[in-house]
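Remarks on the overall topology
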Amino acid sequence: MSLPQGEYLEAVRSSCRALTEKGPVNISQDGITAFLKDLDKHRFEELSIDTPMRMPLKFSTVAEELNFVALIDLLNFGSGYRVPLHDLAGRGAFDTIRFGAMSFHIGGDAMDAKTFKEITTFKVSEVFQFPIDREVKPPDMPFITMTEPTELKQLAEGIKSVLNSTGEFLEAHKYKDLAAFILDVTKPVAGQKPSASKLVENLVKALPGLRDVYTINGQHVYILKKAQILVYHLWMFFHDQEPDRFDFADIDNLTVFADNVVPTLLVHLGILEIPDDWKTDIESGKDLGEVRATTLRAASIVACEEIVRRTKQDPSATSVTRMNEGDLDVYLWRLGKEGDYRKIPRFALRDTVMF
């Protein structure tokens, strides 16, 4: 796995642009024009606030809250298991991860290096409250009860793997927990504003569970979704409390946090145009595979960069007066959870711990 050699956020933009220019996904300029023209200012301002991350919990210190936020974003994946999660646990992917983090916090299990390093698949199932095994009776032996894995066992193993590797890093570098690590790498430097890009780089270099990196046709592609959304949430929650650490001068340089919801909405809105066979596979629930999923995610980053660029270059294009890609991401993500938008089939990729 090759990490970027230069500035990390620019590596995301340039690699996604290069992949999109050569790929089968087209960005419709007319689609962008129509989207911006129809965009309601008040609706955008309402949905671009990331309220799903605000939970009715009490924290005794900034570090405790920071640790909680970091855990949610570290584990912000499982979208490919949306259907079996709803069937077997009654929750979607994000709500499952949020539920597990709240279970840690309320239940008293320490969210620290030791816990993460030692956690088992069974414990993941217990904390996040979804089944990994079920009882079955063989058709030719109805008097015998056996167990078989559910569709969610692989998700539990993914969560375990990310937590184990995180715990190993933290323990090896003598950090008690994620908060201790983040507070260490964001120590204020006199005369310097904190940098979102630098923190993304530090997070990705340290934690394997954030290395959202691919090689397609010999070309490196960087998405870095979870690292970027973690930095965005650190800014959102703590830039007033800890401005010397988290009031990032370059917060507007973050790209959208490309998962499966944002590209799906962009296709539905006519901004991304994809091959017909991709549409068929998405509508039928077929796993897209890493190459097509990465291509779609990369195209969504490029398209949203263009949307934001248009709003700055031509203020008459939309009624929204201020937009960055973080705000646009949250708007599209929350829009995708509302009304008929929620019914739109989303593309799936199960074999990933990145989204």
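Our structure's up above, just so we're on the same page.
Scope of this entry: the structure provided in the associated data block. (Residues numbered from 1 in each chain as written. Predicted model: local features only at pLDDT ≥ 70, side-chain atom pairs only at ≥ 80, totals over all residues. Heavy atoms only, no water.)

Topic: the overall build of the chain
Each helix and strand counted, the chain has 17 helices and six strands in total. For 355 residues, the compact-globule estimate of 2.2 N^0.38 gives 20 Å, and the C-alpha radius of gyration of the chain, at 21 Å, lies within 12% of that figure. Its C-alpha atoms put the chain at 70 × 55 × 40 Å along the principal axes. When burial is assessed residue by residue, the chain has 55% of its 355 residues classed as buried. Contacts spanning at least 24 positions in sequence make up 76% of the contacts within the chain whose residues lie at least 6 apart. For the chain, the accessible area works out to roughly 15900 Å², and carbon and sulfur atoms hold 50% of it. Put simply, the chain has 42 plus and 53 minus side-chain charges, and the middle of one group is 1 Å from the middle of the other. (Helix = DSSP H or I, 4+ residues; strand = E, 2+ residues; numbered from the N terminus. Rg over C-alpha atoms; globule rule 2.2 N^0.38 Å. Buried < 20%, exposed > 50% of the residue type's maximum accessible area, 1.4 Å probe, protein only. Contact = heavy atoms within 4.5 Å. Areas by Shrake-Rupley, 256 points an atom, 1.4 Å probe, with all protein chains shown as cover. Lys, Arg positive; Asp, Glu negative; His and termini not counted. Charge placed at Lys NZ, Arg CZ, Asp CG, Glu CD.)

So, helix H1 (residues 8-22)
Each turn of an α-helix holds 3.6 residues, which means side chains three or four residues apart point in the same direction. Compared with an ideal rise of 1.5 Å per residue, which puts 15 residues at 21 Å, H1 spans 22 Å between its outermost C-alpha atoms and is within 8% of the ideal. All of the buried residues in H1 are Tyr 8, Leu 9, Ala 11, Val 12, Arg 13, Ser 15, Cys 16, Leu 19 and Thr 20. Looking at where H1 begins, the residue whose side-chain oxygen comes 3.2 Å from the main-chain nitrogen of Leu 9 is Glu 7. (Expected span 1.5 Å × (residues − 1). Polar contact = N/O pair within 3.5 Å; in protein donor to acceptor, adjacent residues only side chain to side chain.)

A few points about the side chain of Thr 186
Mapped onto the fold, Thr 186 is located in the loop between helix H10 (178-185) and helix H11 (196-206). Separated by 2.7 Å, the side chain of Thr 186 and the backbone oxygen of Ile 182 make a polar contact. Thr 186 has contacts with Leu 199, Arg 245 and Phe 246, leaving out every residue within four places of it along the chain.

Brief notes about H10
Taken as a whole, H10 has its buried residues at Leu 178, Ala 179, Phe 181 and Ile 182. One side of H10 holds all its buried residues, which, seen down the axis, span an arc of 160°. Along its buried surface, H10 packs onto helix H4 (62-74), helix H7 (113-118), helix H9 (153-172), H11, helix H12 (225-238) and helix H13 (243-246). By the N-cap criterion, in which a side-chain oxygen at the helix start approaches the backbone nitrogen of a residue two or three places on, H10 is capped by Asp 177, the distance to Ala 179 being 3.3 Å. (Arc of directions from axis to C-beta.)

A few points about unusual backbone geometry
Peptide bonds are, in most cases, trans, and in most cases residues other than glycine have a negative phi. If you check the backbone angles, Gln 129 has positive phi at about 60° while not being a glycine. Following the sequence through the fold, Gln 129 ends up in the loop between helix H8 (121-128) and strand S2 (133-136). One non-glycine residue, Lys 174, lies in the positive phi region at around 60°.

Some words on the packing of H4 against H12
Between H4 and H12, the least distance of the axes is 9 Å, while the angle of their chain directions is 150°. Comparing the axis directions of H4 and H12 gives the class roughly antiparallel. Handedness of the crossing formed by H4 with H12: right-handed. Each of Val 62, Glu 65, Leu 66, Val 69, Ala 70, Asp 73 and Leu 74 in H4 lies in contact with H12, whose residues at this interface are Lys 226, Ile 229, Leu 230, His 233, Leu 234, Phe 237 and Phe 238. Residues belonging to the contact of H4 with H12 are distributed by class as follows: 10 nonpolar, one polar and three charged. (Axes fitted to C-alpha atoms, helices over the stretch in contact; angles between N-to-C directions. Parallel < 35°, antiparallel > 145°, perpendicular 65-115°, else oblique. Left-handed = near helix turned anticlockwise from the far one by under 90°. Nonpolar A, V, L, I, M, F, W, Y, C, P; charged D, E, K, R; others polar.)

Describing the pattern of salt bridges
Applying the stated criterion across every chain, the model contains 26 salt bridges. In the salt-bridge network here, residues are joined through shared partners; they are Arg 13, Arg 17, Glu 305 and Glu 325. (Salt bridge = Lys/Arg side-chain N within 4 Å of Asp/Glu carboxyl O.)

Details of the layout of surface pockets
Roughly 500 Å³ of internal volume is contained in the largest pocket. Contributing to the lining of the largest pocket are 28 residues, with Asn 76, Phe 94, Val 261, Trp 333 and Lys 337 lying nearest its centre. Those elements giving two or more residues to the lining of the largest pocket turn out to be helix H5 (82-89), helix H6 (93-107), H12 and helix H17 (325-335). Class assignment of the residues belonging to the lining of the largest pocket gives a composition of 11 nonpolar, six polar and 11 charged. What the second largest pocket holds in volume is close to 280 Å³. (1 Å grid on protein atoms, 1.4 Å probe; cavity = no way out; pocket = protein on both sides within 12 Å on 5 of 7 lines; lining within 4 Å. Points joined across faces, edges and corners; volume = space filled by probe spheres on them.)

Thoughts on the pairing of strand S5 (residues 219-222)
The pairing of strand S4 (residues 213-216) with S5 spans four bridges and is classified as antiparallel. Across the sheet, Tyr 214 pairs through a bridge with Val 221, a residue of S5. Counted between consecutive antiparallel strands, the loop separating S4 from S5 contains two residues, among which Asn 217 sits at a positive phi close to 55°. (Pairing = 2+ DSSP bridges.)

Regarding the nonpolar core
The biggest cluster of nonpolar side chains holds 120 residues, and the ones touching the most others in it are Leu 75, Phe 130 and Ile 159. No other element matches helix H16 (residues 290-313), which puts 10 residues into this core. The contact partners of Ile 159, leaving out residues within four places of it in the chain, are Leu 75, Phe 77, Ile 97, Val 124, Phe 128 and Phe 130. (Core = buried A, V, L, I, M, F, W, Y, C linked by side-chain atoms within 4.5 Å.)

Quick look at the packing of aromatic side chains
Scanning all chains against the criterion turns up 14 aromatic pairs. An angle of 65° between the planes, with centres 5.4 Å apart, marks the rings of Tyr 175 and Phe 181 as edge-to-face. Tyr 175 sits in the buried class, given a relative accessible area of 18%. Residue Phe 181 is classed as buried on the basis of its relative accessible area of 3%. (Phe/Tyr/Trp six-rings, centres within 6.5 Å; stacked < 30°, edge-to-face > 60°.)

Thoughts on the environment of Ser 165
For Ser 165, the location among the structural elements is in helix H9. Residue class for Ser 165 comes out buried when judged on its relative accessible area of 18%. Spatially, the C-alpha atom of Ser 165 lies 38 Å from that of Gly 339, the residues being 174 residues apart in sequence. The residues contacting Ser 165, other than those within four sequence positions of it, are Pro 208 and Gly 209.

Interpretation note: all reported values are geometric properties and have no functional meaning in isolation.
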